[in-house]
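So the chains spell out like this:
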Amino acid sequence: MRSTGWLMGSISSEVSMPTSQAERLLSLFTSADRASAIAGDLTEERDHRGPIVFWLDVVRTMSALWTRAVTDAPLRVLMLALSGCVLLVGPAFVGIAAIALFPGAIGSPVGWSGLSLAWCAGALWTGASLVGCAPSRGLAACATLALVGETLLIAFLARAPVPELPMVPLVIAYATSLAVPPLLLVGGAIARRRLIFRGLSTQEHHR
Amino acid sequence: MARTTNLGELEQLILLAVLRLGDDAYGVTIRAELSNRARRAVAPGALYTALERLETKGFVGSRMGDPTPQRGGRAKRYVKVTAAGLKALKRAQHAFDRLADGLNQLRGKHAH
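What counts as what
- Residues numbered from 1 in each chain as written.
- Chains lettered and ligands numbered in written order.
- Predicted model: local features only at pLDDT ≥ 70, side-chain atom pairs only at ≥ 80, totals over all residues.
- Heavy atoms only, no water.
- Helix = DSSP H or I, 4+ residues; strand = E, 2+ residues; numbered from the N terminus.
- Buried < 20%, exposed > 50% of the residue type's maximum accessible area, 1.4 Å probe, protein only.
- Lys, Arg positive; Asp, Glu negative; His and termini not counted.
- Salt bridge = Lys/Arg side-chain N within 4 Å of Asp/Glu carboxyl O.
- Polar contact = N/O pair within 3.5 Å; in protein donor to acceptor, adjacent residues only side chain to side chain.
- Contact = heavy atoms within 4.5 Å.
- pLDDT = per-residue confidence, 0-100.
- Buried area = accessible area lost by both parts, 1.4 Å probe.
- Nonpolar A, V, L, I, M, F, W, Y, C, P; charged D, E, K, R; others polar.
- Axes fitted to C-alpha atoms, helices over the stretch in contact; angles between N-to-C directions.
- Phe/Tyr/Trp six-rings, centres within 6.5 Å; stacked < 30°, edge-to-face > 60°.

**Concerning the side chain of Arg 137 of chain A**
All names here are of chain A. By the element assignment, Arg 137 lies in the loop between helix H4 (109-133) and helix H5 (138-159). It is Asp 72 that comes nearest to the buried, bridge-free Arg 137 among opposite-charge side chains, at 5.0 Å. Engagement of the side chain of Arg 137 in a polar contact is seen with the backbone oxygen of Ala 69, the distance being 3.0 Å. Residue contacts for Arg 137: discarding those within four places in its chain leaves Ala 69, Asp 72, Ala 73, Arg 76, Val 77 and Leu 80.

Put into structure tokens, the structure is as follows:
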């Protein structure tokens, strides 16, 4: 009896780890209880359909939920995305101002690294701010901005002539610009998870 | 202006599947019912967004069931058609019947 109980516990933990990961991803674009139910449904079908189809379904469901958030209120999402663009400019100026305090660092790898750090931190902060302002659609706006931004950046970098700059600052600048959109999404996801956790904590407190 | 309460084709199929399933209507069973009866392979994303839309419109209600180990300890979200949902479904079905009435291609009868 004890060995059967251990086996059931082992099977349960094998099943629940991907389910928990799927639930966390899905909760970025829908409510916590819906995400839990959807993750449970996909887990129930996983035995018949396999783990690859399970994860494909998770990604496709996330994509569908994101699309719905955008198409249900396109103007609101657009305004949020534009606000995100404006917010992103601030940290860039802060970084430039900070580097300008040290004239020796201007144009050096240290200066470029400092600027990159400011911009990356700004991307995280912008994502978190968008979700903080609009908990239900903020992450959809972040994802939209990240996708459009990354696409434009890749298209621009592929076609633009290589500027006359030393190699190291060029690599830092390019790498930073490509990292900003995903960091925007990461900042939004962290803020969203905190909101969900706070909501669950509040529910627990009121019970 | 009154908010639109028209049903899309997938929404109608989902409501019909939920009615057929009764108390056992949740994501997995609804998809299976649509696949078996309507021969429609509905993607999970399409189903869950449609269910969310129907719930926002007030056409379905939901309740959480008990968690099970087979579902990684997650509860099922059971769905039920509301009175407003039934009314909207009947309206859609009547509209379909009125449009299809007398069409040889659909019914195989001679036009009146």
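Now that the structure has been shown, the text picks up again.
**Concerning the confidence of the model for chain B**
Residue and element names in this part refer to chain B. In the predicted model, chain B carries a mean pLDDT of 88, and the fraction of residues at 70 or more is 90%. Confidence scores differ between elements of chain B, with helix H5 (residues 104-107) showing the lowest mean pLDDT of 66 and helix H1 (residues 9-21) the highest of 96. In the predicted complex, the global pTM is 0.79; the interface-specific ipTM is 0.86.

**Brief notes about the interface of chain A and chain B**
At the interface, 24 residues of chain A touch 23 residues of chain B. Buried area between chain A and chain B, summed over both chains or domains, comes out near 2000 Å², and the portion from carbon and sulfur atoms is 51%. Where chain A meets chain B, there are 7 salt bridges. For Glu 52 of chain B, the salt bridge identified is with Arg 68 of chain A, shortest N-O distance 2.8 Å. Scanning the region where chain A abuts chain B turns up 12 residue pairs in polar contact (both at pLDDT 80 or more). Elements that contribute at least two residues to the side of chain A that touches chain B include exactly helix H1 (2-26) and helix H2 (32-72) of chain A. With 18 residues, the top contributor of residues to the side of chain A that touches chain B is H2 of chain A. For the side of chain A that touches chain B, the class distribution of residues is 6 nonpolar, 8 polar and 10 charged.

**A short note on the packing of H4 of chain A against H5 of chain A**
Contact geometry of H4 of chain A with H5 of chain A gives a least axis separation of 7 Å together with a crossing angle of 145°. Contacts between H4 of chain A and H5 of chain A involve Gly 127, Leu 130 and Val 131 of chain A from the former and Gly 138, Leu 139 and Cys 142 of chain A from the latter.

**Some details on the packing of aromatic side chains**
Tallied over the entire structure, the rule returns 2 aromatic pairs over all chains. Between Phe 54 of chain A and Trp 55 of chain A, the ring centres sit 5.0 Å apart and the planes meet at 80°, which makes this aromatic pair edge-to-face. Using a relative accessible area of 29% as the deciding quantity, one classes Trp 55 of chain A as partly exposed. Seen from their ring centres, Tyr 26 of chain B and Tyr 78 of chain B are 5.7 Å apart, and the 75° between their planes marks the pair as edge-to-face. Placement of the pair is Tyr 26 of chain B in the loop between H1 and helix H2 (27-37) and Tyr 78 of chain B in strand S2 (residues 74-81), with a sequence separation of 52 residues.

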